[in-house]
Amino acid sequence: MSGPTYDVFLSFCGPDRPFGRKLALQLRTLGLQVFLDEDDIEPFASITDTIAAALSRAKALVAYFSRRYADRPACQQELMSAFLAGQCEGDPCGRIMVINPEPGTDHLRPVHLADAKFLRTHEPVAELALQISKRASELESTIGEVQPRHRAFPALAQRVHLRHFTGRWRELWDLHTALHASDYPMVVEAECGSVAWICGLPGAGKTALATAYAWRFGSAYPGGVQWLSMRTTGSASPAIRSTPESLWVIDDIPEDADLDRIDALLLAAHPSAKVILIGREDVTRGMLPVVRVGPLPLADAVAVLDRYRVPDDVMDSTARELVIRSLGGNAGALTAVGERLMDRQGAESYVSQAAQIDVGPHLDRLLADVRTVIDRMAAPELRLLRAAQASGIRALPLPPPAAISARVGTDVASTLRQLQVRGVARRNGRVWVLDPLVLLVVGRDHD
């Protein structure tokens, strides 16, 4: 590797940089070679390439893990690179030092970071620098020298999901934590073994999340990664072999799945194996840890669409955001829109697409899948969604408006909870947010 070797790579998000500068100064005073992006990126150099190269030449990563850090994609990419390098050496946190400025630990992902001893900002910066220096002196090789270089080649069906996968850092870490929580009983109480559900609406990206996880973390499973589908086995259960230290992904679990069948699958797995179950709904109703795949954040949704077509101007850019909001940030719907715009070779824009959001065959299959979710709903759920759609409401406060309560005719809170199980509603503080794509289909069917 060309370029200098760094003892420490400092990973900070923008608002936390003042502390990062102080720490970098103290570490350099101690004689350490330190990378801090604002100091070490040359004019006109590629920021992405420079940071990636510097991280590969660093012995350790120091993560200032504020709540803002947890939501910063660039920071999470840096963290994952160091995590995977440590994982190859048998200690995922062996190359990571965490400074936690928050009073709690619920924002630390994955669980390994909460289990490892971290530093606190109430200690003097000079003392933090001494502790970091001591830890860094124990490392010889760099992150780039121990990063996994060989990954299992996924099947072509899975590679399609990898092509379109964007973001989802929080969900990736939550999935890894759910699968490994039983390994850290002092941090997370896990009584259900090493199993996790991935749930979400059609098109949300459930299989894509599992694929991305298997691709990135595959080196943690020497027994290999195996995929099964309940869709292709009919009434018979797919067969899990008792393979040590393996990862099993069981996709397409129907909403009416027999719990005894699922039990049989899990009991067949080796005690050291991890199992991911994928379905639209959590049929166990909370018996197992659940990772819900919801709407893409705006920045990630924009990145998905820009792969296919960059907006023509400011008006087109505004229309692009309108398309994202109208489709509820659904990854599958956005991909379908993007592919249509690309296929039309400039004949359509985001402006024209926003004006006829649910028109055209490109969304027909996805909307038909969403309709199957709606078809399973009880009468109170349908009344609530129709009332919200007719009123132009996308978010319901608690308590809900009297007009909505009157039209539902039953306990709105329990109805919203059932919609949450289906992935149609999500709680955000005192507000329940309803999925725009589902409301779109409800409105179309009700007209």
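Quick note: structure is the one above.
This write-up is about the structure you can find in this document. (Residues numbered from 1 in each chain as written. Predicted model: local features only at pLDDT ≥ 70, side-chain atom pairs only at ≥ 80, totals over all residues. Heavy atoms only, no water.)

### So, the overall build of the protein
To keep things clear, this is the line we draw: Where helices and strands are cited, they refer to DSSP runs of H or I of at least four residues and of E of at least two residues respectively, numbered from the N terminus. The buried label applies to any residue whose accessible area, calculated with a 1.4 Å probe on protein chains only, is under 20% of its type's maximum; exposed applies above 50%, and partly exposed to all values in between. For this analysis, residues touch if any pair of their heavy atoms sits within 4.5 Å. Per-residue accessibility takes into account occlusion by the displayed protein chains alone, with areas from the Shrake-Rupley method and a 1.4 Å probe.
Helices and strands together make up the secondary structure of the protein, namely 20 helices and 13 strands. Taken over 447 residues, the protein has a buried fraction of 50%. A separation threshold of at least 6 residues defines the contact pool for the protein, and within that pool the share at least 24 residues apart is 72%. Surface summary for the protein: the accessible area is close to 20500 Å², and the carbon and sulfur share equals 53%.

### Considering the nonpolar core
Our working rule: Here, nonpolar core refers to any group of buried Ala, Val, Leu, Ile, Met, Phe, Trp, Tyr and Cys residues whose side-chain atoms link them within 4.5 Å.
Ranked by size, the top nonpolar core spans 53 residues in total, and within it Leu61, Phe65, Leu79, Tyr213 and Ile276 carry the most contacts. In contact with Leu61, other than residues within four places in its own chain, are Phe9, Ser11, Leu55, Tyr69, Glu78, Leu79, Ala82, Arg95, Ile96, Met97 and Ile143. The next biggest cluster of nonpolar side chains, apart from the first, holds 47 residues, and it includes Leu385, Val412, Ala425 and Trp432.

### As for the packing of aromatic side chains
Quick note on the threshold: When the centres of two rings from Phe, Tyr and Trp lie within 6.5 Å, Trp using its six-membered ring, the rings pair. Their planes under 30 degrees apart give stacked, over 60 give edge-to-face, and anything left gives tilted.
A complete count under the given rule lists ten aromatic pairs for this structure. On the numbers, 5.0 Å between centres and 15° between planes, the contact of Phe9 with Phe35 is stacked. Residue Phe9 is found in strand β1 (residues 6-11), and its partner Phe35 is found in strand β2 (residues 34-35); the two are separated by 26 residues along the sequence. Exposure class is identical for Phe9 and Phe35. Each is buried. Ring plane angle 20° and centroid distance 5.1 Å describe the contact between Phe12 and Tyr64, whose orientation is recorded as stacked. Note that Phe12 is positioned in the loop between β1 and α1 (17-29) and Tyr64 in strand β3 (residues 58-64), a separation of 52 residues in sequence. Aromatic rings pair up to connect Phe83, Trp173, Tyr213, Phe217 and Tyr221 into one cluster.

### Considerations on the sheet that holds strand β12 (residues 425-428)
Stated formally: Any two strands with at least two DSSP-identified bridges between them are counted as paired. Axis geometry follows a simple rule: fit a line to the C-alpha atoms, using only the stretch in contact for helices, then measure angles between N-to-C directions, giving values from 0 to 180 degrees.
Pairing in this open sheet of three strands is antiparallel, and the strands run β11-β13-β12 from one edge to the other. Looking at the sheet topology across the chains shown, the edges are occupied by β11 (395-397) and β12. Averaged over all adjacent pairs, the angle separating strand axes in this sheet is 25°, with direction ignored. As paired strands, β12 and strand β13 (residues 431-434) are joined by four bridges and run antiparallel to one another. If you follow Asn428 over to β13, its bridge partner there is Val431.

### A look at the state of the cysteines
Basically, it comes down to this: Note on terminology: pairs of cysteine sulfur atoms within 2.5 Å are recorded as disulfides.
Evaluation of the coordinates by the stated rule reveals zero disulfides. Cys75 takes part in no disulfide bond, and the closest cysteine sulfur, belonging to Cys13, lies 5.4 Å away. Looking at Cys75, the relative accessible area reads 2%, which means it is buried.

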